[in-house]
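So the chains spell out like this:
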Amino acid sequence: MFDGIEYRGYGQEKVEELAKYAQVPVWNGLTNEYHPTQMLADLLTIREHLGSLEGRKLVYMGDARYNMGNSLMVTCSKMGMHFVAAAPKKYFPNEKLIEECREFCKISGGTIDFNEDAFDAAKDADVIYTDVWVSMGEPDEVWEERIRDLTPYKVTMDIMNVAKKDAIFLHCLPAFHDLKTEIGKEMGEKFGLSEMEVTDEVFEKYSDVVFDEAENRMHTIKAVMAATLG
């Protein structure tokens, strides 16, 4: 009844089981562990704005244990880029995946690093990247813990000023940078914050890049479909 399936859900094992039995192409649109289609959009955006990928330094600010941190680390290590996760140690990716990525780096010439000092991590970065700290539906105590732990890694203009002059900011959206959305307003009322993982100043300055990134999701997913539906 259909020629392909894009799965967007929770466990990675579910999309892999679906791909095993579906008998049509299955694309991973997002799981808890990985977000590969977002990576294609991100690489296209970096290339469009900076001209190249190899040797570029990408710093991910925040919780690097899940899909975005994992996928950016894998992608950078395969593309010869320099990946840095800026976070408290308990928010670093799992050691097994780190070791796999170190093997990729031996082939590509890329590097991966981890730094608990946000400003030191951001030095000479080409790309500063962040994502929301908490998923919708998680309990308030999780929000409180993440806000407490990750506020030092909020992307501010001070962070961007440590990066290269032509550095770009990326965010896979939605972003909690103001109180103009329903969820943003709720966040503000609960936790007394007007912005969370990125300041409104940074988001607005780099919004053209972030929205190019969002548009590129469409173009790159179309390319994946064209390549796999033949």
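Relevant structure appears above.
Being a predicted model, the structure only gives us computed values, none of them experimental.

Caption draft 1: A look at the overall build of the protein chain. Scanning the protein chain for helices and strands turns up 10 helices and seven strands. By the compact-globule yardstick of 17 Å for 230 residues, the protein chain fits well, its C-alpha radius of gyration being 18 Å. A buried classification covers 51% of the 230 residues belonging to the protein chain. Counted over contacts in the protein chain with a minimum sequence separation of 6, partners at least 24 positions apart contribute 71%. Carbon and sulfur atoms make up 52% of the accessible area of the protein chain, which amounts to about 11,700 Å² in all. Taking the average place of the 25 positive charges on the side chains of the protein chain and the average place of its 42 negative ones, the gap between the two points comes to 3 Å.

Caption draft 2: How the structure looks around the pattern of salt bridges. Per the stated rule, a full pass over the model turns up 13 salt bridges. Taking the shortest distance from any N to any O, the salt bridge between arginine 146 and aspartate 63 comes out at 3.8 Å. Of this pair, arginine 146 sits in helix H6 (residues 140–150) while aspartate 63 sits in the loop between strand E3 (57–61) and helix H3 (67–78), placing them 83 residues apart in sequence. Here lysine 106 and glutamate 103 are joined by a salt bridge, their closest N and O atoms 2.9 Å apart. With lysine 106 and glutamate 103 both in helix H4 (residues 95–108) and three residues apart, the pair spans about one turn of that helix. With a relative accessible area of 42%, glutamate 103 lands in the partly exposed category. In the salt-bridge network here, residues are joined through shared partners; they are Asp63, Arg65, Glu138 and Arg146.

Caption draft 3: Main features of the side chain of histidine 171. For histidine 171, the position within the fold is in strand E7 (residues 168–171). Within polar-contact distance, the side chain of histidine 171 engages the backbone nitrogen of leucine 173 at 2.9 Å. When sequence neighbours within four positions are dropped, the list of residues in contact with histidine 171 reads Tyr129, Thr130, Asp131, Val132, Glu197, Val198, Val210 and Glu213.

Caption draft 4: Region of interest: the packing of H6 against helix H8 (residues 182–191). Between H6 and H8, whose axes approach to 12 Å, the crossing angle comes to 80 degrees. Relative to H8, the element H6 is oriented roughly perpendicular. Contacts between H6 and H8 involve Asp140, Trp143, Glu144 and Ile147 from the former and Met187, Lys190 and Phe191 from the latter. Considering only residue class, the contact of H6 with H8 consists of four nonpolar, no polar and three charged.

Caption draft 5: Broad picture of the nonpolar core. Ile46, Met61, Phe83, Ile128, Val155 and Phe169 are the most contacted members of the largest nonpolar core, which has 64 residues in total. Ranked by residues supplied to this core, first place goes to H3 with five residues. Each residue touching isoleucine 46, except ones within four places of it in the same chain, is listed here: Gly51, Ser52, Leu53, Leu58, Met81, Val127, Ile168 and Leu170.

Parameters and conventions
- Residues numbered from 1 in each chain as written.
- Predicted model: local features only at pLDDT ≥ 70, side-chain atom pairs only at ≥ 80, totals over all residues.
- Heavy atoms only, no water.
- Helix = DSSP H or I, 4+ residues; strand = E, 2+ residues; numbered from the N terminus.
- Rg over C-alpha atoms; globule rule 2.2 N^0.38 Å.
- Buried < 20%, exposed > 50% of the residue type's maximum accessible area, 1.4 Å probe, protein only.
- Contact = heavy atoms within 4.5 Å.
- Areas by Shrake-Rupley, 256 points an atom, 1.4 Å probe, with all protein chains shown as cover.
- Lys, Arg positive; Asp, Glu negative; His and termini not counted.
- Charge placed at Lys NZ, Arg CZ, Asp CG, Glu CD.
- Salt bridge = Lys/Arg side-chain N within 4 Å of Asp/Glu carboxyl O.
- Polar contact = N/O pair within 3.5 Å; in protein donor to acceptor, adjacent residues only side chain to side chain.
- Axes fitted to C-alpha atoms, helices over the stretch in contact; angles between N-to-C directions.
- Parallel < 35°, antiparallel > 145°, perpendicular 65-115°, else oblique.
- Nonpolar A, V, L, I, M, F, W, Y, C, P; charged D, E, K, R; others polar.
- Core = buried A, V, L, I, M, F, W, Y, C linked by side-chain atoms within 4.5 Å.

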